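Notes for the structure review
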Amino acid sequence: MKNYTLNRFVKLNLYFFGMYGLLTAAWYGISGRFSEDAETAVQELFLNAAIFALMFTSALLLWYRRTEVRIPVKDISPKALELKLEAVGYERIKTDSKQPTQVYKPRPPKAPALAGRVFVQKSANFYHIQGPVSKLKSLGV
């Protein structure tokens, strides 16, 4: 939960860098670009992959920006909160140990996989729910 956005940024950035680099390298190999000037082609490939990954990851994180919502414990029961999260498109990840934070993962098609996880933590007076702004607004609590 702590530094979740930074962790997502790094993972998505590495994923998009790798996939763009791999697909572009395959295209360069098929089109014969490496046989002309391999060093320049590799430099161009890495530079374009880095720029693409940075732009696409930033766009996704802005699109699915995150926030925290506090819901009073008196307003909703834990079971009702779980049902509302399921209605929005999130399912609870079962954990063996007793953790103070409940983690919910997106379940397509209701919640897009790139939206990220939702974290629910209960304090004395509030449920602290961290997740994508668009999905937390649609909770309607």
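Above this text is the structure in question.
A brief structural summary. (Residues numbered from 1 in each chain as written. Predicted model: local features only at pLDDT ≥ 70, side-chain atom pairs only at ≥ 80, totals over all residues. Heavy atoms only, no water.)

**Let's talk about the side chain of Thr-24**
The test is simple: Working definition: helices are DSSP H or I runs of at least four residues, strands are E runs of at least two. Numbering for both runs from the N terminus. Relative accessibility under 20% of the residue-type maximum defines a buried residue, over 50% an exposed one, and the middle range a partly exposed one, all with a 1.4 Å probe and only protein chains included. In the analysis that follows, any N or O atom pair within 3.5 Å is treated as a polar contact, provided that within protein one partner can donate a hydrogen and the other can accept it, and provided that, for residues neighboring in sequence, both atoms belong to side chains.
As for its placement among the helices and strands, Thr-24 is situated in helix α1 (residues 4–31). When its relative accessible area of 13% is taken as the criterion, Thr-24 is described as buried. Engagement of the side chain of Thr-24 in a polar contact is seen with the backbone oxygen of Tyr-20, the distance being 2.7 Å.

**Digging into the pattern of salt bridges**
Spelled out, the test is: Take a side-chain nitrogen of Lys or Arg and a carboxyl oxygen of Asp or Glu: if they are within 4 Å of each other, that pair is a salt bridge.
Taken as a whole and judged by the stated rule, the model has three salt bridges. Measuring nitrogen to oxygen at the nearest pair gives 3.7 Å for the salt bridge that ties Glu-91 to Lys-105. Residue Glu-91 is found in strand β2 (residues 90–92), and its partner Lys-105 is found in strand β3 (residues 101–106); the two are separated by 14 residues along the sequence. Classification of Lys-105 by relative accessible area gives partly exposed; the value is 35%.

**Describing the nonpolar core**
Note the threshold: Here, nonpolar core means buried Ala, Val, Leu, Ile, Met, Phe, Trp, Tyr and Cys residues that are tied together by side-chain atoms lying within 4.5 Å of each other. By definition in these notes, contact holds between two residues if any of their heavy atoms fall within 4.5 Å.
The biggest cluster of nonpolar side chains holds 21 residues, and the ones touching the most others in it are Leu-81, Leu-85, Tyr-90, Val-118, Val-120, Tyr-127 and Ile-129. At the level of secondary structure, the elements contributing two or more residues to this core comprise α1, α3 (38–63), α4 (78–88), β4 (118–122) and β5 (126–132). If we ignore the near neighbours within four places in the chain, the residues touching Val-120 are Leu-81, Leu-85, Pro-100, Thr-101, Gln-102, Tyr-104, Tyr-127, His-128 and Ile-129.

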